[in-house]
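Chain by chain, the residues run as shown.
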Amino acid sequence: MTLNRRDVTTRLLAGMAWTGFAGAAAGLPRKLLAATQQGLAAGREVLVALPGKVALRRLTERPPNFETPLEYFRSVLTPNEAFFVRYHHAVIPEIAAEDFRLEIGGPAAERSLSLSLADLRRDFPATEIVAVCQCSGNRRGLFEPPVAGLQWGHGAMGNARWRGVRLADLLQRAGLKSSAVEISFDAADAPPLEGTPDFIKSLPLVKALHPDTLIAYEMNGAPLPVPNGFPLRVVVPGWTATYWLKHVNRISALDASEKNFWMTSAYRMPRQLFPLVERFPGQETAERAPVTEIAVNSLITSMERDGTLRAGRSALSGIAWDAGRGIDRVELSFDRGASWRRCELGEDLGPYSFRIWRSDWPTLAGDLHEVWARAANKAGQSQVETPIANPSGYQHNAYHRVRVEAQS
Ligand SMILES: Nc1nc2c(c(=O)[nH]1)N[C@H]1C(S)=C(S)[C@@H](COP(=O)(O)O)O[C@H]1N2
Ligand SMILES: [Mo]
């Protein structure tokens, strides 16, 4: 694999001069630096283009972990070539479409199916949904104090129009026994030699049978890019991306809970930390529960490099999203939370999609301002002022804060 490297130190340094990285900025708390710089505390980022992708921010190369630069979130759908890439295992599997089979079975299935990609497209109705795919650990790099794990900034997420078949239709064809409790997914990425357990995830029956849960073969009108799961991936609208198995080639109906490492150890949090509506009761213990739904969140996207705005002439804009209750409002504060103003919301592409918002830049006294953005959903859930600390650094959904220099 040939990698095309581009060092962007210069760009970053320009950003830092503005945010006062060198210590010049007037009295702004140091911890805000992380928020304004996508967690690039080291002061340097390397952008790398995988085959078929634009240059993305590299976290690690083995396994491949690359995040989307903030500028790509200015459009409501994230372009396929800019969509983030996250793997637990060292190598991206390359699969020949002609030989590919999706096997469906398991102890709680009435019968086994073996489907080619052509069978899937021919025998099952196609359906489409716009949904955010967001890593549970998105923004982990912004936690203070720092949390071990991949130091993601804001870009371990993306929003796409997914097309595929309903998982419920496949399970109906296979037939579920009354003993079925979970549906598990295994993928073509081989368990590596280092001894990391094979990546297998499961869903509770109710989520697996939900009409919005898909086995997708297309993303934004094109076949799935290889690093995003070609030829098939699980799409679980509203739930974090750990359940969105890429390269899925085996679906099993289980009559007992899946007990592998990725279910019982990883992707878990102290119970009741987040106000989740959809839970995974079969995997909960007295103390801990799996991460399930995406917490309500928002991001300012108009402002990465240019920190100067003009009253009456400039606008602020960004995106907001949640687990599918729908965005009710996005608000901005120019006085550190003392008062809030509502933004205008853009086109609604469905409850699981990013929603664009915008606001005029008002006339304010003084020339250096901190802008806070927060979203709330239709279920009354809201972003938090301080991130909710948890051992693995999941679900960071504190207000996004940027600094603006106002010019008249
Ligand atoms: N086969 C496979 N699927 C996977 C993973 C993986 O390591 N292997 N990682 C999961 C996690 S944790 C995330 S965040 C998403 C990332 O999706 P993307 O690479 O398409 O952005 O894929 C999920 N599906
Ligand atoms: Mo993830």
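## Digging into the packing of aromatic side chains
Part 1 of the reasoning: Scanning the model with the defined rule gives 15 aromatic pairs in all.
Part 2 of the reasoning: When the ring of Phe73 is compared with that of Phe354, the centres are 6.0 Å apart and the planes differ by 90 degrees; the resulting orientation is edge-to-face. With Phe73 in the loop between β4 (65-67) and β5 (85-86) and Phe354 in the loop between β23 (344-345) and β24 (355-360), this pair connects stretches of sequence that are 281 residues apart.
Part 3 of the reasoning: Classification of Phe354 by relative accessible area gives buried; the value is 0%.
Part 4 of the reasoning: Taking 5.1 Å as the distance between ring centres and 65 degrees as the angle between the ring planes, the aromatic pair formed by Trp239 and Tyr243 counts as edge-to-face.
Part 5 of the reasoning: A cation sits over an aromatic face here: Arg121 above Tyr217, 4.0 Å from the ring centre.
Part 6 of the reasoning: Taking NZ or CZ as reference, Lys246 lies 3.5 Å from the ring centre of Tyr87, over its face.

## Regarding the site of ligand 1
Part 1 of the reasoning: Around ligand 1 sit 19 residues, and of these Phe84, Asp189, Asn228, Arg233 and Lys246 come closest.
Part 2 of the reasoning: For ligand 1, an oxygen atom lies 2.7 Å from a polar atom in the side chain of Arg233.
Part 3 of the reasoning: Separating an oxygen atom of ligand 1 from a side-chain N or O atom of Lys246 is a distance of 2.5 Å.
Part 4 of the reasoning: Compared with its free state, where it exposes 530 Å², ligand 1 has 100% of that area covered by protein.
Part 5 of the reasoning: In this structure, ligand 1 is accommodated by the largest cavity.

Calculation rules
Within each chain, residues carry numbers counting from 1 in the order of the written sequence. Here every chain gets a letter starting at A, and every ligand a number starting at 1, in the order they are written. Totals for whole chains, interfaces and linings use every residue, but because this is a predicted model, local features are given only for residues with pLDDT of at least 70 and side-chain atom pairs only at 80 or more, for both listing and counting. Each side-chain value is worked out from all heavy atoms of the structure, with water and hydrogens disregarded. Stacked, tilted and edge-to-face are the three classes assigned to paired rings of Phe, Tyr and Trp, where Trp is represented by its six-membered ring and a pair needs centres within 6.5 Å; plane angles under 30 degrees give stacked, over 60 edge-to-face, the rest tilted. What counts as a helix is a DSSP run of H or I of at least four residues, what counts as a strand is a run of E of at least two, and both are numbered from the N terminus. Three exposure classes are used, based on accessible area relative to the maximum for each residue type with a 1.4 Å probe and protein chains only: buried under 20%, partly exposed in between, and exposed over 50%. Here, a charge over a ring means that NZ of Lys or CZ of Arg falls within 6 Å of the ring centre while also lying within 35 degrees of the ring normal. Whether a residue is near a molecule or strand depends on its heavy atoms: if one lies within 4 Å, it is near. What qualifies as a polar contact is a pair of N or O atoms within 3.5 Å, subject to a donor-acceptor requirement within protein and to the restriction that residues adjacent in sequence count only when both atoms come from side chains. Computed with a 1.4 Å probe, the accessible areas rest on the Shrake-Rupley method; for each residue, only the protein chains presented here act as cover. Both cavities and pockets are sets of points on a 1 Å grid over the protein atoms alone; in a cavity a 1.4 Å probe fits but cannot get out, in a pocket the set is open with protein on both sides within 12 Å along at least five of seven lines, and lining residues sit with an atom within 4 Å of a point. The way we define it, a molecule is inside a pocket or cavity when more than half of its atoms are within 2 Å of that pocket's grid points.

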